[in-house]
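Residue-level listing of the chains:
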Amino acid sequence: MAIPTYLMSYPAAQWSIRGAANFRSQARSTTSPRRAFREWLTLADAILRAGGPILVMPPAATETPLTGMIYTANLGHLFRDQFLLSNMSVAHRRAERDIVRSFMEKAGVSTRDASAEWEGQAELQWLGGNRFVATYGVRSARESVAELRPLLPPNTKLLELQIRDPFFHGDTCLNPITNRAGDLVLLAHGSAFIGATLETLRDFLGSTGEVVALDEGDTLAYACNALCVGGTLLMPSGVSASLRGQLVRRGFVLEELELPELFGKGGGGPRCLVNELRGLVLNPGAPSYAELRDELYKLVESYPEGALNA
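Residues numbered from 1 in each chain as written. Predicted model: local features only at pLDDT ≥ 70, side-chain atom pairs only at ≥ 80, totals over all residues. Heavy atoms only, no water.

Participant: Sorry, what's going on with the sheet that holds strand β16 (residues 275-277) here?
Facilitator: Strands pair in a sheet through their backbones, by hydrogen bonds, and they do so in one of two ways: parallel or antiparallel. The mixed open sheet is built from 3 strands, whose spatial order is β2-β1-β16. The open sheet has two edge strands with one neighbour each: β2 (54-56) and β16. Going across the sheet, the axis of each strand differs from the next one's by a mean of 35°, ignoring polarity. Pairing geometry for strand β1 (residues 5-8) and β2, over 3 bridges, is parallel. Of the residues in β2, the one forming a bridge with L7 is L55. Relative to β1, helix α1 (residues 33-49) is tilted by about 175°, and along the sheet it contacts β1 and β2. (Pairing = 2+ DSSP bridges. Helix = DSSP H or I, 4+ residues; strand = E, 2+ residues; numbered from the N terminus. Axes fitted to C-alpha atoms, helices over the stretch in contact; angles between N-to-C directions. Contact = heavy atoms within 4.5 Å.)

Structural data, given as structure tokens:
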């Protein structure tokens, strides 16, 4: 399976936790922009080592920092040659749309606006081939699923799933990952769904992959927000030894990332900081992480060590 290009956006110098919209970020801890940026660089380095190309979108130069832009999984989704821009439910993130539109169009990708309330790729799971799962119910409206359908490839099989709090996006309770042999494993927490079960997922997946049930502890530790890059699974810390063992036995190479500033305070995991741009090849001169890495490592030293939340 080809590794996609990953869209990432590093924290601004004024980065803080503004929305406090999930069970971890509600504590609204004091944050350090410098430590957050260093952790972002740690993740970008891990993706690069695993073979993933990264397209870097700088933080917006706005008077009020758009602190949610680092969570690029929510910005939209690339459907063939068009990027559907999210319609955020979270008020402080709605201004991101115009910034992302401008960046994508400069990169040669056309855009369109989602009409229904929808928080992007975090709500659309690709299970390989022609199978997708679209989620709604907490941050995205059910109407968003109808809007996605005509944008998907012909003959797509789409499963709609309603999710419940505290699983605010589909990528907090579902994670399709593929090992180096090409075997698909779908991590899933059955109690996150309304009107569906793990058997619903197994029936939908059929013989094309295996569903592995997650308990509540591993799900709330954001196991589904682990990022799989060419069979290497970049995981947030705190996932159980039992689950790690299951994944190793299924052929995954695990790399645990200790990122307390971004994930311990903000919530989420590596997947929420990337947007998979499948089919997009970086052109010469594109702002790639490989080219910008040295410059970004110098930039981080200019960031403040500590700051209070906005």
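Participant: Sorry, what's going on with the packing of α1 against helix α8 (residues 289-299) here?
Facilitator: In helix packing, the relevant descriptors are the interaxial angle and the interaxial distance, both defined with respect to the helix axes. In the contact formed by α1 and α8, the axes pass within 11 Å of each other and the chain directions differ by 155°. Comparing their axes, α8 and α1 come out roughly antiparallel. Relative to α8, the crossing made by α1 is left-handed. For the pair α1 and α8, contact is made by F37, W40, L41, A44, D45 and L48 and by Y289, A290, R293, L296, Y297 and L299, respectively. Each residue belonging to the contact of α1 with α8 can be placed in one class, and the counts come to 10 nonpolar, no polar and 2 charged. (Parallel < 35°, antiparallel > 145°, perpendicular 65-115°, else oblique. Left-handed = near helix turned anticlockwise from the far one by under 90°. Nonpolar A, V, L, I, M, F, W, Y, C, P; charged D, E, K, R; others polar.)

Participant: Looking at this model, I keep getting lost on the nonpolar core. Mind explaining?
Facilitator: Considering soluble globular proteins, one finds that nonpolar side chains tend to be buried as a cluster. Counting residues in each nonpolar core, the largest one holds 31 residues, and the members touching the most others are W40 and I47. When contributions to this core are tallied by element, the ones reaching two or more residues are β1, α1, β2, β13 (227-229), α7 (260-265) and α8. For this core, the element with the most residues is α1, which contributes 8 residues. Excluding residues within four positions of it along the chain, I47 makes contact with Y6, M8, G52, I54, L227, V229, L234 and V274. In this structure, L184, L186, A188 and F193 belong to the second largest nonpolar core, which totals 19 residues. (Core = buried A, V, L, I, M, F, W, Y, C linked by side-chain atoms within 4.5 Å. Buried < 20%, exposed > 50% of the residue type's maximum accessible area, 1.4 Å probe, protein only.)

Participant: When you look at the environment of F132 in this model, what are you seeing that I'm missing?
Facilitator: Summarising the element assignment, F132 is placed in strand β7 (residues 131-136). Taking the C-alpha atoms as reference points, F132 and P176, separated by 44 residues in sequence, lie 10 Å from one another. If we skip the residues at most four places from it in the chain, F132 touches L124, Q125, W126, L152, P153, T156, K157, L158, L159 and F204.

Participant: Would you mind going over the sheet that holds β7 with me for this structure?
Facilitator: The mixed open sheet is built from 4 strands, whose spatial order is β6-β7-β8-β11. Two strands close off the open sheet at either side, each with one partner strand: β6 (124-126) and β11 (193-194). Taken together, the 2 bridges between strand β8 (residues 157-163) and β11 define a ladder with antiparallel strand orientation. From the neighbouring strand, I163 faces β11, where its bridge partner is F193. Each of β7, β8 and β11 is contacted by helix α4 (residues 198-205), which is oriented at about 170° to β8, the strand it contacts most.

Participant: Mind showing me how you'd approach the pattern of salt bridges here?
Facilitator: It is possible for side chains bearing opposite charge to pair when their charged atoms get close. In total, this model carries 17 salt bridges according to the counting rule given. A salt bridge links D113 to R97, with the nearest nitrogen and oxygen atoms 3.2 Å apart. Separated by 16 residues along the polypeptide, D113 in strand β5 (residues 110-113) and R97 in helix α2 (residues 96-106) bring together distant segments of the chain. Put simply, R101 and D113 hold a salt bridge, and the shortest N to O gap is 2.6 Å. One end of the pair, R101, is in helix α2; the other, D113, is in strand β5, and 12 residues separate them in sequence. According to the relative accessible area criterion, D113 is partly exposed, its value standing at 30%. (Salt bridge = Lys/Arg side-chain N within 4 Å of Asp/Glu carboxyl O.)

Participant: I'm lost on the confidence of the model for the chain in this one. Help?
Facilitator: For residues with low pLDDT, the predicted coordinates do not support detailed interpretation. This prediction gives the chain a mean pLDDT of 93; 94% of its residues lie at or above 70. Below pLDDT 50 for its whole length, residues 23-27 participates in 15 contacts with residues either more than four positions away or in separate chains. (pLDDT = per-residue confidence, 0-100.)

Participant: Is there a simple way to think about the environment of D183 in this case?
Facilitator: Within the fold, D183 resides in the loop between β9 (174-178) and β10 (184-188). The exposure class assigned to D183 is partly exposed, which follows from its relative accessible area of 42%. The spacing of D183 and H92 is 91 residues in sequence and 39 Å in space, taken between C-alpha atoms. Contacts of D183, omitting those with residues within four sequence positions, involve I177, T178 and F252.

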